[in-house]
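Next come the chains, spelled out residue by residue.
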Amino acid sequence: MANELERKEAVELEKIAFLLEERTCRRRDLIPLLQLVQYRLGYISEEAIGLLAEHLSLTWSEVFGVASFYNQFRFYPPGKYDIKVCLGTACHVCGGDILLENFERKLGIEEGQTTEDREFSLVRVVCVGCCALAPVVLVGDEVYGYMTPSKIEGLFTRIETNKQLKDRKDDGRPSS
């Protein structure tokens, strides 16, 4: 699985390099190019930073400095299931920080990281706009409101069940 993901990333990096060769870019194009890289890869890799630095005649540190300034950019590959724990005011007051700690313990990673198998990534977000449902967790685009530590295990059970159903469907087996 990891080799397949690495191969896909290498192909995307080649496409990005080709796109860069086709256009003349200036320093002011750095942020749109970083956005392009993140759109294509899902994150900003070290190799991509090197490509951009070379193309724009900047140092690696200059490119990384700009990218790390903005919280829209991530520097790790996203997991198949991207878990976002809201820590906006309402969610924080209702225990969002405790939820984040529970997810970190359950997944064996810290906020801002992805599990080795790339199944799950975990991030804190400032607000998802569902304050009435606080505390809120998002898995992909699915919103889970009124979340509690005791509901976390059920969330993972639901994810696993959905994966098994999808696998059965993909194998052509009936899903009982």
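All of these numbers come straight from a predicted model, not from anything done at the bench.

**Student:** Explain helix H7 (residues 149–171) to me, please; I cannot follow it from the model alone.
**Tutor:** In a regular helix each residue adds 1.5 Å, so 23 residues correspond to 33 Å; H7 covers 34 Å between its end C-alpha atoms and thus fits that length. Buried within H7 we find Ile152, Leu155, Phe156, Ile159 and Lys163. On its buried side, H7 packs onto strand E1 (81–86), helix H6 (96–107), strand E3 (120–125), strand E4 (137–139) and strand E5 (142–144).

**Student:** Would you mind showing me how to read the packing of helix H2 (residues 30–41) against helix H3 (residues 46–56) here?
**Tutor:** A packed helix pair is summarised by two numbers, namely the angle formed by the two axes and the spacing between the axes. In contact at an axis separation of 11 Å, H2 and H3 are set at 150° when each is read in the N-to-C sense. Between H2 and H3, the interaxial angle falls into the category roughly antiparallel. The way H2 lies across H3 gives a crossing that is right-handed. Touching Leu30, Leu33, Leu34, Val37 and Leu41 of H2 are Ala48, Leu52 and Leu56, all from H3. Of the residues contributing to the contact of H2 with H3, the split by class is eight nonpolar, no polar and no charged.

**Student:** Looking at this model, I keep getting lost on the state of the cysteines. Mind explaining?
**Tutor:** Linking two cysteines covalently via their sulfur atoms produces the bond known as a disulfide. Counted under the stated rule, the structure contains zero disulfides. Free of any disulfide, Cys127 has its nearest cysteine sulfur in Cys131, 4.1 Å distant. The exposure class assigned to Cys127 is partly exposed, which follows from its relative accessible area of 45%.

**Student:** Looking at this structure, how should I read the sheet that holds E1?
**Tutor:** Within a beta sheet, neighbouring strands are joined by backbone hydrogen bonds and run either parallel or antiparallel to one another. What the five strands build is an open sheet, ordered E2-E3-E1-E4-E5; its pairing is mixed. Looking at which strands have only one partner, the edges of the open sheet turn out to be strand E2 (113–114) and E5. Alignment of E1 against E3, held across six bridges, turns out to be parallel. In the strand pairing of E3, Val85 is matched with Arg124. Those strands touched by H6 are E1, E3 and E4, and its axis lies near 150° from that of E1.

Rules of the game
Residues numbered from 1 in each chain as written. Predicted model: local features only at pLDDT ≥ 70, side-chain atom pairs only at ≥ 80, totals over all residues. Heavy atoms only, no water. Helix = DSSP H or I, 4+ residues; strand = E, 2+ residues; numbered from the N terminus. Expected span 1.5 Å × (residues − 1). Buried < 20%, exposed > 50% of the residue type's maximum accessible area, 1.4 Å probe, protein only. Contact = heavy atoms within 4.5 Å. Axes fitted to C-alpha atoms, helices over the stretch in contact; angles between N-to-C directions. Parallel < 35°, antiparallel > 145°, perpendicular 65-115°, else oblique. Left-handed = near helix turned anticlockwise from the far one by under 90°. Nonpolar A, V, L, I, M, F, W, Y, C, P; charged D, E, K, R; others polar. Disulfide = S-S within 2.5 Å. Pairing = 2+ DSSP bridges.

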